[in-house]
Amino acid sequence: MADKSFYTLFVELGRCVLIIDGVNKGKTACIVDICDQNRVLVDGPFAFTGVRRQLYNLKVLHLLPVVMKIKRGLRHKNLMKAYTEQKVAERLSNTRAIKVRDRRILRNNLTDYERHRVKVLKKRRKAIIVKEFRKLKGVKKEADLKLKKAAVAKRQAAKAASFAAAKKAELA
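To start, this report covers the structure provided alongside it. This structure is a prediction, so every number in the text was calculated from the model and none was measured. (Residues numbered from 1 in each chain as written. Predicted model: local features only at pLDDT ≥ 70, side-chain atom pairs only at ≥ 80, totals over all residues. Heavy atoms only, no water.)

## Digging into the overall build of the chain
Argument step 1. In terms of helices and strands, the chain carries 5 helices and 5 strands.
Argument step 2. Starting at the N terminus, the α and β elements of the chain follow one another as β-β-β-α-β-β-α-α-α-α.
Argument step 3. Since a compact globule built from 172 residues should have a radius of gyration of about 16 Å, the 33 Å found for the chain marks it as more spread out than a globular shape.
Argument step 4. Principal-axis analysis of the C-alpha atoms gives the chain an extent of 110 × 60 × 30 Å.
Argument step 5. Across the 172 residues that make up the chain, the buried fraction comes to 22%.
Argument step 6. Considering only residue pairs separated by 6 or more positions, the chain has 49% of its internal contacts joining residues 24 or more positions apart.
Argument step 7. Surface accessibility of the chain: about 13,700 Å² in total, with carbon and sulfur atoms responsible for 58%.
Argument step 8. For the chain, the centre of its 44 positive side-chain charges and the centre of its 15 negative side-chain charges are spaced 7 Å apart. (Helix = DSSP H or I, 4+ residues; strand = E, 2+ residues; numbered from the N terminus. Rg over C-alpha atoms; globule rule 2.2 N^0.38 Å. Buried < 20%, exposed > 50% of the residue type's maximum accessible area, 1.4 Å probe, protein only. Contact = heavy atoms within 4.5 Å. Areas by Shrake-Rupley, 256 points an atom, 1.4 Å probe, with all protein chains shown as cover. Lys, Arg positive; Asp, Glu negative; His and termini not counted. Charge placed at Lys NZ, Arg CZ, Asp CG, Glu CD.)

Next comes the structure, spelled out in structure tokens:
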């Protein structure tokens with residue numbers, strides 16, 4: 001029985017990547033050719049992503065789950081056509097890495113006041129969550145408290161009954 005591979009994203013032609021270091025940090029590109037086991041030729045296309053055709057080390061690329069169907073060494077003009085026909089921009093916008101990148105860019109561009117507002121809203125959200133949690137936990141505490149009171153009452157009744165039986169025995 002063959003085990004499923006742990007890896008699902010492979011370096012292949014047409015694989016979209018996120019550049020995580022260098023001048024084009026945070027931009028997406030497409031693998032057009034594989035040079036060796038460490039380097040690949042990527043192309044933006046420049047009109048859509050701002051990345052020109054160049055060699056990149058795989059250490060500075062983050063593989064994305066979007067793969068374009070292209071041929072090896074595809075020219076820039078044809079890559080742009082394939083990029084639009086296969087709606088790569090839409091598919092990329094739904095990936096987790098791009099959403100994280102966009103959220104990070106948004107947070108970095110906040111003004112001082114907006115950061116303060118975010119902090120206040122987070123505190124409010126946390127207070128609501130804690131309040132609901134305590135309410136749910138309080139229900140459990142009340143139920144436990146009722147059980148404990150019933151057990152104490154039962155023990156007291158048993159003590160009273162045994163005390164009354166001992167009194168009767170003394171008198172008899």
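## Remarks on a positive patch on the surface
Argument step 1. Side chains of K25, R96, R103 and R104 sit close together on the surface and give a patch of like positive charge.
Argument step 2. By relative accessible area, R103 is classed as exposed at 52%. (Patch = residues over 30% accessible without salt bridge, like charges linked within 9 Å, V, L, I, M, F, W, Y side chains within 5 Å. Salt bridge = Lys/Arg side-chain N within 4 Å of Asp/Glu carboxyl O.)

## A closer look at unusual backbone geometry
Comment: phi is negative for the bulk of residues other than glycine, and the bulk of peptide bonds are trans.
Argument step 1. At the junction of G44 and P45, the peptide bond is cis and its omega measures out at -5° in the coordinates.
Argument step 2. Relative to the elements of secondary structure, P45 occurs in the loop between β3 (39-43) and α1 (46-49).
Argument step 3. We note that K87 has phi near 50°; this positive angle belongs to a residue other than glycine.

## Structural notes on the packing of aromatic side chains
Argument step 1. The full count for this structure, using the stated rule, is 2 aromatic pairs.
Argument step 2. Each ring, one from F6 and one from Y7, has its centre 5.3 Å from the other, and the planes form 85°; the classification is edge-to-face. Exposure class is identical for F6 and Y7. Each is exposed. (Phe/Tyr/Trp six-rings, centres within 6.5 Å; stacked < 30°, edge-to-face > 60°.)

That's the geometry; what it means functionally is another story.
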